[in-house]
Amino acid sequence: MKTTGRNKQPLTVSEVGEYSWGFTLIFVLASACWALLPYTGPHFAALVFLLAIVIAGLRWNRGPVLMMATMSALVWNFLFIPPQWTLHIASPQDVVMFVLFFVVALSMGHLTTCLRAREDALQRHHHEREQLLAEKHRAELLAESERLHRTLLDSVSHELKTPIAIIRTALDGLGEGNPFAAEIETANRRLQRIVENFLEITRVESDAVRPHSEWCEIGDVLHSATAPLQRELGGHPVTINGNENLPLVMTDGRLLAQALGNVLHNASIYAPSGTPIEVSVAVVDGALELRVRDHGPGVAEGTESRIFEKFFRAPDSAAGGTGLGLAISRGLMRALHGDIAAQNQPGGGAEFILRLPVKTRLA
Amino acid sequence: MSKALIIDDETQMRRLLRMVLESRGYEVCEAAEGQIGLQEASFHRPDVVLLDLGLPGMGGIEVLKRMREWSDVPVLILSVRDQESIKVEALELGADDFVTKPFGTSELLARLAVIQRRRFTRQSPLVVVGNLSIDLLHHEASLGEQALKLTPTEFALLKMLAEHAGRIVTQNQIIRQVWAGQNSDQSEGLRVHINHLRKKLGESGPKIINEPGIGYRLAEAGE
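Residues numbered from 1 in each chain as written. Chains lettered and ligands numbered in written order. Predicted model: local features only at pLDDT ≥ 70, side-chain atom pairs only at ≥ 80, totals over all residues. Heavy atoms only, no water.

K.L.:
Describe in detail the overall build of chain B, supporting the description with residues and values.
P.N.:
From N to C terminus, chain B includes eight helices and twelve strands. With the C-alpha coordinates aligned to their principal axes, the bounding extent of chain B is approximately 50 × 40 × 30 Å. Taking all 223 residues of chain B together, 54% fall into the buried category. Put simply, of all contacts in chain B between residues at least 6 apart along the chain, 59% involve residues at least 24 apart. For chain B, the centre of its 27 positive side-chain charges and the centre of its 31 negative side-chain charges are spaced 2 Å apart. (Helix = DSSP H or I, 4+ residues; strand = E, 2+ residues; numbered from the N terminus. Buried < 20%, exposed > 50% of the residue type's maximum accessible area, 1.4 Å probe, protein only. Contact = heavy atoms within 4.5 Å. Lys, Arg positive; Asp, Glu negative; His and termini not counted. Charge placed at Lys NZ, Arg CZ, Asp CG, Glu CD.)

K.L.:
Any details on the nonpolar core? Residues and values, ideally.
P.N.:
Residues and elements named next belong to chain A. One finds L288 and F352 to be the most contacted residues of the largest nonpolar core, which totals 44 residues. Listed by contribution, the elements that provide at least two residues to this core are α5 (179-205), α6 (218-226), α8 (253-270), β4 (277-284), β5 (287-293), α9 (325-335), β6 (339-344) and β7 (350-357). Among the elements that line this core, the one with the most residues is α8, at eight residues. With residues up to four places along the chain from it excluded, the contact list for L288 reads I218, V249, L256, V281, A282, V283, L354, R355, L356 and V358. Membership of the second largest hydrophobic core comes to 30 residues, among which are Y19, I53, V65 and A69. (Core = buried A, V, L, I, M, F, W, Y, C linked by side-chain atoms within 4.5 Å.)

K.L.:
Residue-level account of a nonpolar patch on the surface, with values.
P.N.:
There is a patch of nonpolar side chains on the surface, built from W34(A), L74(A), F78(A), W85(A) and L87(A) and spanning about 510 Å² of accessible area. Relative to the elements of secondary structure, W85(A) occurs in the loop between α3 (62-80) and α4 (92-174). (Patch = residues over 30% accessible without salt bridge, like charges linked within 9 Å, V, L, I, M, F, W, Y side chains within 5 Å. Areas by Shrake-Rupley, 256 points an atom, 1.4 Å probe, with all protein chains shown as cover. Salt bridge = Lys/Arg side-chain N within 4 Å of Asp/Glu carboxyl O.)

K.L.:
How would you sum up the sheet that holds β4(A)? Please name residues and give values.
P.N.:
All names here are of chain A. Spatially, five strands are ordered β2-β4-β5-β7-β6 in an open sheet, and the strand pairing comes out mixed. Looking at the sheet topology across the chains shown, the edges are occupied by β2 (238-241) and β6. Neighbour-to-neighbour, the strand axes of the sheet open up by a mean angle of 15°, direction not taken into account. Pairing analysis gives six bridges linking β6 to β7, with the strands arranged antiparallel. Residue pairing across strands places A341 opposite I353, the latter belonging to β7. Relative to β4, α6 is tilted by about 155°, and along the sheet it contacts β2, β4 and β5. (Pairing = 2+ DSSP bridges. Axes fitted to C-alpha atoms, helices over the stretch in contact; angles between N-to-C directions.)

K.L.:
Provide a residue-level description of the side chain of Q186(B), including the pertinent values.
P.N.:
Residues and elements named next belong to chain B. You can see Q186 is positioned in the loop between α7 (171-178) and α8 (187-201). Judged by relative accessible area, which is 11%, Q186 ranks as buried. Other than its neighbours up to four places away in sequence, Q186 contacts I175 and W179.

K.L.:
Outline the interface of chain A and chain B, supporting the account with residue identities and numerical values.
P.N.:
Listed as interface residues are 25 residues of chain A and, on the opposing side, 28 residues of chain B. Of the roughly 2600 Å² buried between chain A and chain B, counting both surfaces, carbon and sulfur atoms make up 54%. If you sort the residues of chain A by the area they bury against chain B, I166(A), T169(A) and R254(A) come out on top, with a joint share of 21%. For the pair chain A and chain B, the interface holds three salt bridges. With its nearest N and O atoms 2.7 Å apart, the salt bridge here joins D220(A) to R198(B). (Buried area = accessible area lost by both parts, 1.4 Å probe.)

K.L.:
Can you explain the domain arrangement of chain A? Please cite residues and give values.
P.N.:
Parsing chain A into structural domains produces domain 1 (2-133) and domain 2 (214-361). Placing a centre on the C-alpha atoms of domain 1 of chain A and another on those of domain 2 of chain A gives a separation of 84 Å. (Domains from an automatic or database assignment.)

K.L.:
Pulling in residues and values, what's your account of the sheet that holds strand β3 (residues 248-251) of chain A?
P.N.:
Within a beta sheet, neighbouring strands are joined by backbone hydrogen bonds and run either parallel or antiparallel to one another. Strand order in the open sheet made by the three strands is β1-β3-β8 (chain A), with antiparallel pairing throughout. Two strands close off the open sheet at either side, each with one partner strand: β1 (214-216) and β8 (360-361) of chain A. For β3(A) and β8(A), the ladder comprises two bridges, and the chain directions are antiparallel. Among the inter-strand pairings, V249(A) is bridged to a residue of β8(A), identified as T360(A). Seen against the sheet, α8(B) touches β1, β3 and β8 of chain A and runs at an angle of roughly 15° to β1(A).

K.L.:
Could you give an account of the environment of R313(A), naming the residues involved and the relevant values?
P.N.:
Residues and elements named next belong to chain A. Looking at the secondary structure, you find R313 in the loop between β5 and α9. Its relative accessible area of 28% is what places R313 among the partly exposed residues. Measuring from C-alpha to C-alpha, the distance between R313 and L324 comes to 8.8 Å, with eleven residues separating the pair along the chain.

Put into structure tokens, the structure is as follows:
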């Protein structure tokens, strides 16, 4: 009997329990019906057994239920169908009754367990569906929050930059020569730089920077890094070495130029006016290396990596500046899968190295 | 007198631009919304349009698309956004150039002048940019008195840049025109040819300026 476990899998603990419960149930019911036999007749017992099988089928597995069906048929035959205490059946009607009982008991057991299995499957399916929906919902929420974040950034950017643009245009209208207007203009430029830095660090930190790689001419990158800084770099002769016969590199030229531009701006602030800034370019072992060397005081001992942290400012640095420029440079370089480092040069001054693994192509 | 239409939702920006443009002899009309801007454009028939990309409601890109359905008036994009892809989209939809806020008045006026000049009529087969002249009839280019030796691709490239002198041309626009009908990715070839052209134009010739992520602009030497 115990080998009828489903799919010949080893019996589980709960199934063993169900078998014994089924056995006990039949025993109890058989005893009760036996006691009542004088009042009820043998067919009452058959109906009680059927009822037990249906109820068991709604709760238990198929094996124990089919065991109960078989057992109750045999017990009914043995105890209740005359002649009692034998498996022999005397009258042809009782044979028919026995066969009918056997068939009905088996099919009831089978049907009710099937019904339950289907219900279970349905519930499982429902559960899976709910999980799937929940996951989809989570993903949608995430995308939505990312979109919202970007929209917010765009609108904050618009709100902050518009007044600066208006001041700029209005100052242009005032014309040159007014020293007060010149002060406003200087302050406005500073404000613009701060606003742009704050927006950029927000973008970098929220992974909103999406590099768009294409073949770039390194000369173009150097040009777009230095061109917006003409005012700042005015006091520093900038020399560029090694930019001849360089291959094309596959990168996002705009982001790289921005990273380099911040380093140059930093050098122009910290190095005394009039000292040269040297930029050298090389492609070494499949990586583009941009080195910016200044002749300023250099990086304070022990802060070579801390200077790339947000809001970190050298202890003796002049007022103004947000401590964001180099942090942005590092964020951008990392977004491009490169990195940035700083070191002091033996002859004095700091050297910043922007390193970027790149695909190259001879130009 | 040129008529200019300003489509920008910022009142102050409109007022300032109006002052700047009127002082330069422009007749100015303005609109604070895209839909009204389109009506103004069809009513006043401006010679140049200044279009803000960040309009509420109907965005600048949509305004540009609809305007280009019936008009090829020169359009200058005003933008505070620095996302290059939006600028490229606007340029490829037919905008003529862009300035990024905050911009200097002189930069704005120079761009306006250039894009208004673009309606060049081909009465002369000669395109001149500074000391560069291109003879379309004889397929020749020269720098001052010196003839330039150019390959056919370089000539086509230089011709396109010179015809749009002072104006931005997107990479795709160049590739579509110069490498018409070739399917392969030509962005690398474009870089290489630009490189060669720069060498041939030398120090004295016009400069080919790259706008990263957008395209190229041919500027007279010293600009």
